[in-house]
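Architecture and fold: a report
Each chain, written out:
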Amino acid sequence: MDKEQRCVSLSVHPSRGLMDEKFIVLVQKVLPGFQLTIHASYHCEDGNSWEAFAHYTADASGTVNVSQDTSVGGTYCGVEAMGLLWSLRPVPGSKPGLRLRKKNVQTPMEVTISVYQGHQTEGFVDQVPLASVLVERWYMAPGVRRIPVTEDGLTATLFLPAGPGPFPGILDLWGGGGQLVEYRAALLASHGFASLVLDYLTSKITMETGKMVDNQYFETAYRVLQQHPQILGSRIAMLGLSLGTSITFRMAVYSQVIKLRCVVCIGGSHVQPIDGSVKEILTFVSLNGSKVRFSEKNEMIWRDLLLPITTDPSFKVDMGRFQCPLMLVVGEDDQSWAAYDSAMDMKEMMERAGNSHLLTILSYPKTGHLIEPPYTPHFRASIFRKVGTREKFMVLWGGQTVEHSRAQEDAWKKILVFLRENLYGGTNPGATLLSHL
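What this report covers is the structure whose coordinates are included nearby. Remember, it's a predicted structure, so these values are computed and weren't measured experimentally.

Thresholds, definitions, all that
Residues numbered from 1 in each chain as written. Predicted model: local features only at pLDDT ≥ 70, side-chain atom pairs only at ≥ 80, totals over all residues. Heavy atoms only, no water. Pairing = 2+ DSSP bridges. Helix = DSSP H or I, 4+ residues; strand = E, 2+ residues; numbered from the N terminus. Buried < 20%, exposed > 50% of the residue type's maximum accessible area, 1.4 Å probe, protein only. Contact = heavy atoms within 4.5 Å. 1 Å grid on protein atoms, 1.4 Å probe; cavity = no way out; pocket = protein on both sides within 12 Å on 5 of 7 lines; lining within 4 Å. Points joined across faces, edges and corners; volume = space filled by probe spheres on them. Nonpolar A, V, L, I, M, F, W, Y, C, P; charged D, E, K, R; others polar. Right-handed = clockwise from strand over helix to strand, strands pointing away.

Some words on the sheet that holds strand β7 (residues 89-90)
Sheet strands pair by backbone hydrogen bonding; their relative direction is either parallel or antiparallel. Across the sheet, which stays open at both edges, the six strands sit in the order β2-β9-β8-β4-β5-β7 with mixed pairing between neighbours. Looking at strand neighbours, the two that pair on one side only are β2 (16-18) and β7, the edges of this open sheet. Note: strand β4 (residues 35-43) against strand β8 (residues 109-117), seven bridges, orientation antiparallel. Following the sheet pairing, Thr 37 is matched in β8 by Tyr 116.

Right under this line is the structure:
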């Protein structure tokens, strides 16, 4: 095989692209029937290493095309064009509970894709690959601008698309882990939406005073978007994940300041004290602490905290007052929030009120809580740090890797279409849709 090893050709196209852009991995110039392993490795910013790999057999022309050919083993099986990204996992020997999240969106995710002889499952660092290619995956497209925002006490980052604008705006809220999580907002800006990601749990003002932010904090963030000279102030959306959905529902219905063109909520619930603050929402949830369960691996399961869905109107956002298109993205195996039960209750509330024409539900079987941009690795469970005490828990998020990964790809495409229609398009009132993969 010496001669064969010297002439193996490996190409990845495009080798530089956005995180949600598919690539084609092509191995050529091997013998027909040659067994090989294609391996992806990533060394992330926190020092941990990740890998994915798949086993292939070359066709009669001595070629393997990952987009068309079947993996017969490895971290994924079957025809999976992007399996080398979505099936990334910590290398053997890593500490448990890791979660891969890009922190510095101004640098690419650099993934090394390599080809090895035979069907290998371990020991890749001790072997010399037949060929390797470095691949760059970006959250920020060329020309996207990252602007830290500290005015009016905010802890936020604004991402502006390339060009002069004006652009529609999105206020991006993450969940209960706090911090500025920028990669989704950066990717949204890469698709033409000015996106402001807001830290509302561990903001500078909270860290300095010890006091949690009030509802005015979110209205201030909205005004920053509304008054920006490159943003269309009448075309602003909110996007919330997990705890961020609670804030989003509340602001969309009850705020006298925030007037939204549309809303996207991922893995969340409308159940909360309707006249409460962020602190009171967290207190309300924690009152049901006795409902926390544990998996056979001692992972925390939070989904029962809001079950059964209350019938008390003082503890549910009045969805009948929703006045703009709303997309709910739900994992049916969400073990963190009662997202599916909440979505069904919201659907009933809106049907009774006569505004269900505004509602779109994307509901995915065998899909967990953390529905992220496509090709982000699936984490059925990971370490979660509690805001304030920084206490660590192993939390079960749910989902099965293949189904969850397909749901992420499908949901992201539909979210982008929904945002384009409602932020760039006319006065589309939305449409009811129940989607199952």
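Description of the side chain of Asn 65
Tracing the chain through its elements places Asn 65 in strand β6 (residues 64-65). Exposure remark for Asn 65: the relative accessible area of 13% places this residue in the buried category. Once residues lying within four places of it in the same chain are set aside, the contact partners of Asn 65 are Ile 24, Val 25 and Leu 26.

A short note on the layout of surface pockets
As a volume, the second largest pocket reaches approximately 530 Å³. Lys 297, His 378, Phe 379, Arg 380 and Ala 381 are, among the 24 residues lining the second largest pocket, the residues nearest its centre. Elements that contribute at least two residues to the lining of the second largest pocket include exactly β7 and β21 (392-396). Among the residues making up the lining of the second largest pocket, the classes are represented as ten nonpolar, eight polar and six charged.

Observations regarding the pairing of strand β14 (residues 231-241)
One ladder, built from six bridges, connects strand β12 (residues 167-173) with β14; its direction is parallel. Pairing of Leu 173 across the sheet is with Gly 240, part of β14. Bridge count between β14 and strand β15 (residues 262-266): five bridges; the pairing is parallel. Across the sheet, the residue bridging to Ala 237 is Cys 262, located in β15. You can see the chain leave β14, run along helix α6 (residues 243-254) and come back into β15, and the turn it takes is right-handed.

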